[in-house]
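Read off the chains here:
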Amino acid sequence: MAVNEVPGLGRESLKKSSNTTRRIWTIREEKVLINILKELVKKGWKTDNGFRIGYLNKCEDTLKTDFAKTDLQVSPHITSKLTAWKMAYPPLVTAHTTSRVGFNTTTSQLDCTDD
């Protein structure tokens, strides 16, 4: 099934949460952000303590180049996405290092064996 055939993907969507509006990232937008961060690392923007000042603006500029009509901004969108990824990463690393858990690249899912 292609990305544009999956409901909610391939288009910008908003969910109403109490009195605020929450923006949902598309898979393509997330992949582009990951690639932008990888490029910044290659170009020397990553230091021992994190990225250099201004990297979020570089991310926003590149996202606006790739998605001309995007509403993505440094704050709150990109900073919120990076925070969410930072919170999800450690448990995934722990699960991946467990012998009973693996990653299926075909289905892009975690595989677990019952013991």
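In case you missed it, the structure is sitting above this.
What you see is a predicted model; the values in this text were computed from it and never measured.

This next bit is on the packing of aromatic side chains. The final tally for this structure, using the stated rule, is one aromatic pair. With centroids separated by 4.6 Å and ring planes inclined at 20 degrees, the aromatic side chains of Phe 51 and Tyr 55 adopt a geometry described as stacked. Judged by relative accessible area, which is 25%, Phe 51 ranks as partly exposed. For Tyr 55, a relative accessible area of 16% corresponds to the buried category. The ring of Phe 51 carries Lys 46 above its face, with NZ or CZ at 5.7 Å from the centroid. Directly above the aromatic system of Trp 45 lies the positively charged group of Arg 52, at a separation of 4.2 Å from the ring centroid.

This paragraph deals with helix H2 (residues 55-66). In this model, H2 (12 residues) spans 17 Å end to end at C-alpha, consistent with the 16 Å of a helix rising 1.5 Å per residue. In this structure, the buried residues of H2 make contact with helix H1 (27-42), strand E4 (50-51) and helix H3 (74-97).

The rules behind each value
Residues numbered from 1 in each chain as written. Predicted model: local features only at pLDDT ≥ 70, side-chain atom pairs only at ≥ 80, totals over all residues. Heavy atoms only, no water. Phe/Tyr/Trp six-rings, centres within 6.5 Å; stacked < 30°, edge-to-face > 60°. Buried < 20%, exposed > 50% of the residue type's maximum accessible area, 1.4 Å probe, protein only. Lys NZ or Arg CZ within 6 Å of the ring centre and 35° of its normal. Helix = DSSP H or I, 4+ residues; strand = E, 2+ residues; numbered from the N terminus. Expected span 1.5 Å × (residues − 1). Contact = heavy atoms within 4.5 Å.

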